[in-house]
Amino acid sequence: KERIDYFVSREKPIHAIILGFPFKMPVPIKTDRTLPDMGEVLILHRLFTLTELVKKIYPPGLRVQVFTEGSFASFTGLSAKEADAYRDRVAELVHLLGYDGTLYITDLKDVEQMIPNFSARYMENTEKMKVAYAAGDPRATEQYRGYYPSISRIVSSRGYEEEDLMDAYNEELADAQISEKVRTIRVDIKKRAHEAVFRYHAYHKTRNDSGIMDRVAPQTLYLTVAPKPGRLGIYPIAKEVVRLPYHGVP
């Protein structure tokens, strides 16, 4: 409410940001696409609709800055080229839909470059979590357990047959119940997901510790598809749709 009041008291458009739109997940049993589809169109339209609803009761309205998260490509096994192409197509969709004056696309990589010694601090935080987790630190263990389930489903599993992947991801099947071929796939996915957890955590910690977002977008209203304290939860497509556009084709 304080952040909304900051803009309302000045009779200016409310500025909101949302982090998302990383890339199509490189997991064949989710989607074989690499570029945005109707799912992304729907979430962009949803965001625009929110701005229109606000305008009805507060004429200056609401503007939403979308920070794309192509930076995550490096630890999921996706090429930067594919992530960039996805981002460019999202920006193109905003233009084609006529939402340019309301929705703004910013690449999170541009924000990284504003953080002094980002790469060195990022690697340092990665190693710190690895050491803490290996030592059995309770906080590191809790964080790892919180991240792992979702991370294990976004690291690339391209190149494997879909039938094998269905068994590899099936948690109801114990290792003894699957073929050696599928066990090898499962071990590979788990190994890369394990490493990705540390890098994912370190990325967020490095960015958050820098305080860069408060400088890039001061007083901004944070929107999120995963409600948490300090952020306003929104339905990205519809209440009954539980898949995010970049995880699968709605």
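A brief look at the structure comes next. Every value quoted in this text rests on a predicted model; they were computed, and no experiment measured them. Residue positions within a chain follow its written sequence, with the count starting from 1. Local features are withheld for residues below a pLDDT of 70 in this predicted model, meaning they are given only at 70 or higher, and side-chain atom pairs are given and counted only at 80 or more; totals for whole chains, interfaces and linings count all residues. With hydrogens and water stripped out, all remaining heavy atoms of the structure feed into the side-chain values.

1. Topic: the packing of helix α6 (residues 138–151) against helix α8 (residues 180–210)
Turning to step 1, where the next piece is worked out: Interhelical geometry of α6 versus α8 gives an angle of 125° and a closest axis separation of 9 Å. In terms of orientation, α6 and α8 fall into the oblique class. In this structure, α6 meets α8 at a crossing whose hand is right-handed. Every residue of α8 that contacts α6 at Gln 143, Tyr 144, Tyr 147, Tyr 148 and Ile 151 is listed here: Lys 190, Ala 193, His 194, Ala 196, Val 197, Phe 198, Tyr 200 and His 201.
Turning to step 2, where the next piece is worked out: In terms of residue class, the contact of α6 with α8 is built from 9 nonpolar, 3 polar and 1 charged. Each axis is a line fitted through C-alpha atoms, taken for helices only over the stretch in contact, and angles between the N-to-C directions span 0 to 180 degrees. Each helix is a run of DSSP H or I of at least 4 residues and each strand a run of E of at least 2, with the numbering of both proceeding from the N terminus. When an angle is under 35 degrees it counts as roughly parallel; over 145 it counts as roughly antiparallel; between 65 and 115 it counts as roughly perpendicular; any other value is oblique. The crossing is said to be left-handed when, going from far helix to near helix, the turn is anticlockwise and less than a right angle, and right-handed when the turn is clockwise. The criterion used for residue contact is that any of the two residues' heavy atoms lie within 4.5 Å. Three residue categories are used. Nonpolar comprises Ala, Val, Leu, Ile, Met, Phe, Trp, Tyr, Cys and Pro, charged comprises Asp, Glu, Lys and Arg, and polar comprises the others, including Gly.

2. Re the sheet that holds strand β4 (residues 221–224)
Turning to step 1, where the next piece is worked out: A pair of strands counts as paired when DSSP detects no fewer than two bridges linking them. Ordered by their spatial adjacency, 5 strands build an open sheet running β3-β2-β1-β4-β5, and the pairing between neighbours is parallel. The open sheet is flanked by β3 (103–107) and β5 (232–233), the only strands paired with a single partner.
Turning to step 2, where the next piece is worked out: Here strand β1 (residues 14–20) pairs with β4 via 3 bridges, running parallel. Residue pairing for β4: Ile 18 is matched across the bridge by Leu 223.
Turning to step 3, where the next piece is worked out: Set on the sheet, helix α3 (residues 80–96) makes contact with β2 (62–68) and β3; between it and β3 the angle comes to about 165°.

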